[in-house]
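Per-entry structural report
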Amino acid sequence: IGMVAQLATIDAIAAGLARWSPKHVVLDPVMVATSGDRLLAAAAVAALRAKLIPRAALITPNLPEAAALLDEPVALSEAAIESQGRRLLALGCDAVLIKGGHGQGAESIDYLVTGGSTLALSAPRNATPNTHGTGCSLSSAIAAGLAKDEDLETAVRQAKAWVSAAIAAADRFSVGHGHGPIHHFH
């Protein structure tokens, strides 16, 4: 599940999940664009927390989205990120992957937080403006891995490696203007 934008969409998705009870639900709570623009109506945030997060096997917020879900400042340290991950788990999902693409430093570090552990997954940060769709692609790749009966850690590791390579290859072509997409077919 990706960008839901408004309350009516959340209600429709929640009804579908209740009806079909899928085994693996990966929720990318798209709330804040790379530009900083809000992509989810403020009135819909509470519904996202109450109706979709508890049905998710995994949620994949980036650093600003994790903060927005908790009404807190963006976490800046590993300890603060893990703490936010634990509080997001308390909303009812099985696991949280806080994506570190909006962080600083030579590496992009994602944190997989589960009931029993926190796993830091790093990859070199690539200097490219072509990162459009990174989070959606990552959550989709994780969902595909889970659908192939990979365990969560394997699905997350393989998806992160694939997306990191897609970001590294993103400058091989030009699509549109502004921030281009990652190279899905690298």
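Everything here concerns the structure above.
The paragraphs below set out a description of the structure included in this document. Just so it is clear, the model here is predicted, and its values are computed rather than measured.

**Comments concerning the overall build of the protein chain**
Assigned secondary structure in the protein chain consists of six helices and five strands. Overall, the protein chain shows an N-to-C arrangement of helices and strands of α-β-α-β-α-α-β-β-β-α-α. By the compact-globule yardstick of 16 Å for 186 residues, the protein chain fits well, its C-alpha radius of gyration being 16 Å. Its C-alpha atoms give the protein chain principal-axis dimensions of about 45 × 35 × 35 Å. Burial status across the protein chain gives 42% buried among its 186 residues. Taking all contacts inside the protein chain whose residues are at least 6 apart in sequence as the whole, residues at least 24 apart take part in 59%. If you sum the accessible surface of the protein chain, you get close to 9,200 Å²; carbon and sulfur atoms cover 57% of it. Counting 14 positive and 16 negative side-chain charges, the protein chain places the averaged centre of each group 4 Å from the other.

**Details of the environment of V74**
Its place among the elements puts V74 in the loop between α3 (63–70) and α4 (78–89). Sequence separation between V74 and N62 is twelve residues, and the spatial gap between their C-alpha atoms is 9.7 Å. Ignoring any residue separated from it by four or fewer positions in sequence, one finds V74 in contact with L63, P64 and A67.

**Quick notes on the packing of helix α5 (residues 134–147) against helix α6 (residues 152–168)**
Put simply, α5 and α6 touch, their axes get as near as 8 Å, and they point 140 degrees apart. By the angle between their axes, α5 is oblique relative to α6. Here α5 runs over α6; the crossing is right-handed. Every residue of α6 that contacts α5 at T134, S137, L138, A141, I142, G145 and L146 is listed here: L152, A155, V156, A159, K160, W162, V163 and I167.

**Some details on the side chain of H183**
Looking at where H183 falls in the secondary structure, it is placed in the segment after α6. A residue is classified by how much of its surface remains accessible, and H183, at 14% relative accessible area, is buried.

**A few points about the pairing of strand β4 (residues 107–114)**
Extensive coverage of β4 is indicated by the burial of six of its eight residues. The sheet contact formed by strand β3 (residues 95–98) and β4 spans four bridges and is antiparallel. Bridge assignment links L97 to a residue of β4, and that residue is L112. Where β4 and strand β5 (residues 118–124) come together, seven bridges link them in antiparallel fashion. Counterpart to L112 in the pairing with β5 is L119. The antiparallel pairing of β4 with β5 creates a hairpin that spans three residues between the two strands.

**A few points about the environment of A57**
Relative to the elements of secondary structure, A57 occurs in the loop between α2 (42–52) and β2 (58–59). Residues A57 and I13 lie 44 residues apart in sequence; the distance between their C-alpha atoms is 15 Å. In contact with A57, other than residues within four places in its own chain, are H24, V25, D94 and A95.

**Let's talk about the nonpolar core**
Core analysis: the largest hydrophobic core is formed by 30 residues, its most contacted members being I10, L40, L48, L52, I59, L88 and V96. Elements supplying a minimum of two residues to this core: α1 (7–20), α2, α3, α4, β3 and β4. What I10 contacts, discounting residues up to four positions off in sequence, is V4, L40, A44, A47, L48, K51 and L52.

**Looking at the side chain of S137**
Among the structural elements, S137 can be located in helix α5. For S137, the residues in contact, after removing those within four places along its chain, are W162, V163, I182 and H184.

The rules behind these values
Residues numbered from 1 in each chain as written. Predicted model: local features only at pLDDT ≥ 70, side-chain atom pairs only at ≥ 80, totals over all residues. Heavy atoms only, no water. Helix = DSSP H or I, 4+ residues; strand = E, 2+ residues; numbered from the N terminus. Rg over C-alpha atoms; globule rule 2.2 N^0.38 Å. Buried < 20%, exposed > 50% of the residue type's maximum accessible area, 1.4 Å probe, protein only. Contact = heavy atoms within 4.5 Å. Areas by Shrake-Rupley, 256 points an atom, 1.4 Å probe, with all protein chains shown as cover. Lys, Arg positive; Asp, Glu negative; His and termini not counted. Charge placed at Lys NZ, Arg CZ, Asp CG, Glu CD. Axes fitted to C-alpha atoms, helices over the stretch in contact; angles between N-to-C directions. Parallel < 35°, antiparallel > 145°, perpendicular 65-115°, else oblique. Left-handed = near helix turned anticlockwise from the far one by under 90°. Pairing = 2+ DSSP bridges. Core = buried A, V, L, I, M, F, W, Y, C linked by side-chain atoms within 4.5 Å.

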